[in-house]
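Residue strings, one per chain:
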Amino acid sequence: MNKRDFLKTGFVGALGLISIPSLAKGRNLLFSKQKEFILPELPYAYDALEPYIDSETMMVHHDKHHAGYTAKLNAALKNYTGPPPANVKEILTNASQYNDAIVNNGGGFLNHKLYWKFMSPEGGGTPNGPVAKAIQRDFGSFDNFREEFNTAAIKLFGSGWAWLIIQDGKLKITTTANQDNPFMDTLPEDQRGFPLLNIDVWEHAYYLKYQNRRAEYVNAFWNVVNWEFVNKRYDKVTRS
Ligand code: MN
């Protein structure tokens with residue numbers, strides 16, 4: 001086969017591939033409309049978590065940072081030609097199939113959406129219910145768990161998140177860099193799982209009130225942890 005024939009065959013081959021209907025899974029690849037992701041509202045007022053998380057931080061964090069990830073995610077998806085993802089979890093669990101702009105901003109979108117819900121003005125204290133039992137089982141005690149989580153959050157170098165995840169039925173504390181999320185298929189197997197709790201340790205999450213004192217912010221966080229929501233997520237994943 002000479003070069004010209006080879007090119008011709010390759011071209012026809014590519015066209016043939018595109019026309020296989022099963023690849024499109026019933027979706028029209030040419031005309032599918034990408035839906036826009038919408039910035040989730042804060043589930044409470046900006047000042048609701050005072051004095052632990054200050055109002056100004058919440059305002060900038062939600063209205064500027066989270067809004068920015070949302071806008072950039074939508075912008076990145078405008079250039080994406082594959083089948084539209086149903087939600088951000090779908091993007092992250094298939095992170096290896098998407099470009100960095102979609103994955104990074106998708107992570108920023110979901111990580112913050114969860115973070116707002118993992119906190120509540122009615123939060124704090126120690127957990128009840130199934131999560132309390134699982135913490136006891138996998139960490140020995142709530143104090144041990146809290147200490148291990150604090151250490152992970154405080155020691156994480158640079159920007160990222162600390163997580164409580166459930167992996168093969170067992171609770172585990174992990175950290176991710178930047179806006180990575182435990183759902184991502186690009187993470188090492190031992191860092192992947194279903195997120196039950198997170199804390200943002202980017203400086204933008206605490207700098208206005210705590211400046212460089214990340215440990216103070218991490219300790220204050222326990223006063224607002226929404227254990228009811230943590231239990232809801234635990235129920236959801238252990239029953240499915
Ligand atoms: Mn943040």
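One can find the structure itself at the top, above this paragraph.
Residues numbered from 1 in each chain as written. Predicted model: local features only at pLDDT ≥ 70, side-chain atom pairs only at ≥ 80, totals over all residues. Heavy atoms only, no water.

A word on the side chain of asparagine 111
Part 1 of the argument: With respect to the helices and strands, asparagine 111 occurs in helix α5 (residues 100-117).
Part 2 of the argument: Within the structure, asparagine 111 has its side chain in polar contact with the side chain of asparagine 181 (distance 2.8 Å). (Helix = DSSP H or I, 4+ residues; strand = E, 2+ residues; numbered from the N terminus. Polar contact = N/O pair within 3.5 Å; in protein donor to acceptor, adjacent residues only side chain to side chain.)

A closer look at unusual backbone geometry
Part 1 of the argument: In this structure, proline 51 follows glutamate 50 across a cis peptide bond, with omega equal to 0°.
Part 2 of the argument: Here proline 51 shows up in the loop between α2 (21-24) and α3 (55-78).
Part 3 of the argument: At asparagine 178, a residue that is not glycine, the phi angle is positive and equals roughly 55°.
Part 4 of the argument: Structurally, asparagine 178 is set in the loop between β2 (170-177) and β3 (194-200).
Part 5 of the argument: Judged by its relative accessible area of 44%, asparagine 178 falls in the partly exposed class.
Part 6 of the argument: Of note, glutamine 211 is a non-glycine position whose phi angle comes to about 50°, a positive value. (Buried < 20%, exposed > 50% of the residue type's maximum accessible area, 1.4 Å probe, protein only.)

Considering the coordination of the manganese ion
Part 1 of the argument: The manganese ion binds to the protein through His61 (NE2), His112 (NE2), Asp200 (OD) and His204 (NE2), with metal-donor distances spanning 1.9 to 2.2 Å.
Part 2 of the argument: Between consecutive donors of the manganese ion, the numbers of intervening residues give the motif H-x50-H-x87-D-x3-H.
Part 3 of the argument: The class of aspartate 200 is buried, set by a relative accessible area of 0%.
Part 4 of the argument: Among the residues examined, histidine 204 registers a relative accessible area of 19% and is labelled buried. (Donors = N, O, S within 2.8 Å, 3.2 Å for Na, K, Ca; no water.)

Brief notes about helix α7 (residues 142-155)
Part 1 of the argument: With 14 residues, α7 extends 20 Å between its outermost C-alpha atoms, agreeing within 8% with the 20 Å of an ideal straight helix rising 1.5 Å per residue.
Part 2 of the argument: The complete set of buried residues in α7 reads Phe142, Phe145, Phe149, Asn150, Ala152 and Ala153. For α7, the arc enclosing every buried residue in end-on projection is 165°, short of the 170-degree limit, so these residues lie on one face. Of the exposed residues in α7, the ones pointing more than 90 degrees away from its buried face are Glu147 and Lys155.
Part 3 of the argument: Where the residues of α7 are buried, they touch α6 (129-139), β1 (160-167), β2, β3, α9 (214-221) and α10 (227-239). (Expected span 1.5 Å × (residues − 1). Arc of directions from axis to C-beta. Contact = heavy atoms within 4.5 Å.)

Overview of α9
Part 1 of the argument: Considered for burial, the residues of α9 that qualify are Arg214, Tyr217, Val218, Ala220 and Phe221. Angularly, the buried residues of α9 cover 160° about the axis, an arc narrow enough to put them on a single face.
Part 2 of the argument: Buried residues belonging to α9 abut α5, α7, β3 and α8 (207-210).

Section: the pairing of β3
Part 1 of the argument: Burial analysis of β3 places 7 of its 7 residues in the buried class, which makes it a mostly covered element.
Part 2 of the argument: Sheet analysis places β1 next to β3, joined by 6 bridges and oriented antiparallel. Across the sheet, the residue bridging to isoleucine 166 is phenylalanine 194, located in β3. (Pairing = 2+ DSSP bridges.)

A short note on the layout of surface pockets
Using a probe with the size of a water molecule, rolled over the atoms, empty space left in the structure can be pinpointed.
Part 1 of the argument: Empty space within the largest pocket amounts to approximately 340 Å³.
Part 2 of the argument: Around the largest pocket sit 15 residues that line it, and Leu110, Lys113, Leu114, Arg233 and Lys236 are the ones nearest its centre.
Part 3 of the argument: For the lining of the largest pocket, the secondary-structure elements that each account for two or more residues are α4 (88-93), α5 and α10.
Part 4 of the argument: For the lining of the largest pocket, the element with the highest residue contribution is α5, accounting for 5 residues.
Part 5 of the argument: For the lining of the largest pocket, a count of residues per class yields 8 nonpolar, 1 polar and 6 charged. (1 Å grid on protein atoms, 1.4 Å probe; cavity = no way out; pocket = protein on both sides within 12 Å on 5 of 7 lines; lining within 4 Å. Points joined across faces, edges and corners; volume = space filled by probe spheres on them. Nonpolar A, V, L, I, M, F, W, Y, C, P; charged D, E, K, R; others polar.)

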